[in-house]
Amino acid sequence: MLTEREHDALVQWYSQKEILDETKRLIRAKAWERLEEHLHMRCLFALSRHSELPDFMRDDDGGPLFPTNLNPGNDLEKWQDGIEVAWEVVEKELSLTHDEVHRRIAAEQKVDWETFIKRAEERRKSRTP
């Protein structure tokens, strides 16, 4: 569970112009899986560069607010809470929910599967006399 300070820091983190610009670009490109990768992983890499963290990502002693860098291998629960904040920001700023992204990914996968089956059937028919 995130503290209020951690939550607010993550809202500010995910609201940074560079992060939102890349998020918008991926949404425009309909690159749903890359969007998830961006929010769930790539945006968090910078948290491991402790010396470069902005003040709002530091604790009262100047250390990192997230010493485990929101790495799911170190603290899965904290990472999951952080990801929820990312999607809160995306929904608020860009009117897109994580559920909607999941629906879009599922729809693309369904079309891909149907196309695969159709092609396999066409190949099978072309081989039979």
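Rules of the game
- Residues numbered from 1 in each chain as written.
- Predicted model: local features only at pLDDT ≥ 70, side-chain atom pairs only at ≥ 80, totals over all residues.
- Heavy atoms only, no water.
- Helix = DSSP H or I, 4+ residues; strand = E, 2+ residues; numbered from the N terminus.
- pLDDT = per-residue confidence, 0-100.
- Core = buried A, V, L, I, M, F, W, Y, C linked by side-chain atoms within 4.5 Å.
- Buried < 20%, exposed > 50% of the residue type's maximum accessible area, 1.4 Å probe, protein only.
- Contact = heavy atoms within 4.5 Å.
- Axes fitted to C-alpha atoms, helices over the stretch in contact; angles between N-to-C directions.
- Parallel < 35°, antiparallel > 145°, perpendicular 65-115°, else oblique.
- Left-handed = near helix turned anticlockwise from the far one by under 90°.
- Nonpolar A, V, L, I, M, F, W, Y, C, P; charged D, E, K, R; others polar.

## Here's the deal with the environment of His-50
Next, step 1: Within the secondary structure layout, His-50 lies in the loop between α3 (32-40) and α4 (76-94).
Next, step 2: Spatially, the C-alpha atom of His-50 lies 18 Å from that of Asp-8, the residues being 42 residues apart in sequence.

## Description of the confidence of the model for the protein chain
Next, step 1: Confidence in the prediction for the protein chain averages 93 pLDDT; 98% of positions are at 70 or higher.
Next, step 2: Helix α5 (residues 98-127) is the least confidently modelled element of the protein chain, averaging 81 in pLDDT, while helix α1 (residues 4-14) averages 98, the highest of any element.

## Description of the nonpolar core
Next, step 1: Ranked by internal contacts, the top residues of the largest apolar core, which has 30 residues, are Leu-10, Tyr-14, Leu-35 and Met-57.
Next, step 2: Looking at this core, the elements with two or more residues in it are α1, α2 (17-28), α3, α4 and α5.
Next, step 3: With 7 residues, α4 is the single largest residue contributor to this core.
Next, step 4: In this view, Leu-35 contacts Thr-23, Leu-26, Ile-27, Trp-87, Leu-96 and Val-101; residues no more than four positions away in its chain are not counted.

## Topic: the packing of α3 against α4
Next, step 1: Between α3 and α4, whose axes approach to 10 Å, the crossing angle comes to 120°. Considering their axes alone, α3 and α4 lie oblique with respect to each other. Regarding α3 and α4, the two cross each other, and that crossing is right-handed. Contacts between α3 and α4 involve Leu-35, Glu-36, Leu-39 and His-40 on the former and, on the latter, Trp-79, Ile-83, Ala-86, Trp-87 and Val-90.
Next, step 2: Across the contact of α3 with α4, the residue classes break down as 7 nonpolar, 1 polar and 1 charged.

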